[in-house]
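# Structure assessment
Residues per chain are reported as follows:
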Amino acid sequence: VKRFDGTNWPMLGEYGYSPGQIETNRLAISSSGIPFSAFKDYENGGKLTVKKFVNGAWTFVGAPGFTAGAVNNVRIAAGKNDTMFVLYTTTAGFVQKTVVIRYDGVSWVELGSGTNTVSTAELTDVSLATDTSGVLLVAFVDPAYFDACHVRKFENGTWSSVGGGVVNPPPA
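Let me begin by describing the structure that accompanies this report. Owing to the predicted nature of the structure, the values given are computational and were not obtained by experimental measurement.

Rules used throughout
Residues numbered from 1 in each chain as written. Predicted model: local features only at pLDDT ≥ 70, side-chain atom pairs only at ≥ 80, totals over all residues. Heavy atoms only, no water. Core = buried A, V, L, I, M, F, W, Y, C linked by side-chain atoms within 4.5 Å. Buried < 20%, exposed > 50% of the residue type's maximum accessible area, 1.4 Å probe, protein only. Helix = DSSP H or I, 4+ residues; strand = E, 2+ residues; numbered from the N terminus. Contact = heavy atoms within 4.5 Å. Phe/Tyr/Trp six-rings, centres within 6.5 Å; stacked < 30°, edge-to-face > 60°. Lys NZ or Arg CZ within 6 Å of the ring centre and 35° of its normal. Pairing = 2+ DSSP bridges.

## A short note on the nonpolar core
One finds Leu48, Val50 and Val86 to be the most contacted residues of the largest nonpolar core, which totals 15 residues. Those elements that place two or more of their residues in this core are β2 (35–41), β3 (47–54), β5 (71–78), β6 (84–92) and β7 (95–103). Setting aside chain neighbours within four positions, we find Val86 in contact with Ala38, Leu48, Val50, Val74, Arg75, Ile76, Val99, Val100, Ile101, Trp108 and Leu128. By size, the runner-up hydrophobic cluster in this structure holds 14 residues, among which are Leu111, Phe140, Phe154 and Trp159.

## So, unusual backbone geometry
If you check the backbone angles, Asn81 has positive phi at about 55° while not being a glycine. As for its position among the elements, Asn81 is in the loop between β5 and β6. Located in the positive-phi region is Asn156, a residue other than glycine, with phi close to 55°. Within the secondary structure, Asn156 sits in the loop between β11 (148–155) and β12 (158–166).

## Remarks on the packing of aromatic side chains
Applying the stated criterion to the full structure yields 5 aromatic pairs. Between Tyr103 and Trp108, the aromatic rings sit 5.0 Å apart at their centres with planes inclined by 55°, giving tilted as the arrangement. With relative accessibility at 24%, the residue Tyr103 sits in the partly exposed group. We classify Trp108 as buried; its relative accessible area is 14%. What links up through ring pairs into an aromatic cluster is the set Phe66, Tyr103 and Trp108. Positioned above the aromatic ring of Phe60 is the side chain of Lys51, whose terminal nitrogen or guanidinium carbon lies 4.7 Å from the ring centre.

## Overview of the pairing of β6
Counting buried positions along β6 gives 7 out of 9 residues, so the element sits mostly inside the fold. Bridge count for β5 against β6 is 6 bridges, and the pairing is antiparallel. If you follow Val71 over to β6, its bridge partner there is Thr90. Taking the residues that link successive antiparallel strands as the turn, the β6-β7 hairpin has 2 residues, and the phi of Gly93 there is positive, at about 70°.

What follows is the structure, encoded as structure tokens:
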């Protein structure tokens, strides 16, 4: 990982901040300027690992490879007060699903459960962001709904559709 210093692109910490191969490395900057990295970590079975850069070194946020299974489509977004959100897709048994988690300072906590989730399917072309008031938003293409684009938000402990949810409905 590198950071532009106004003239050059020096390394941010040591080269190769993971001992093994990584994939879908995503970066976000917290509200206080701390870089966070979320990635599929092959050193830990393709599970999710999150790191942050503090005091000149990359440190783990939670345990390395902390998810139950391998992940795909990793996304990370910064919210208010240094809150970090990560979205990933995974397979539980033979069922693919999309999961969104938040770090509470001690551990990663899933946002919603059961039918109160961002989606019970694996999503594609996913974007994760927060609005100016700190509400978490997820935009995605839903292959189960004719590749329509959807937007959902997580507010007051509940996932709900934004504006009906479907940005571009499938053709009739």
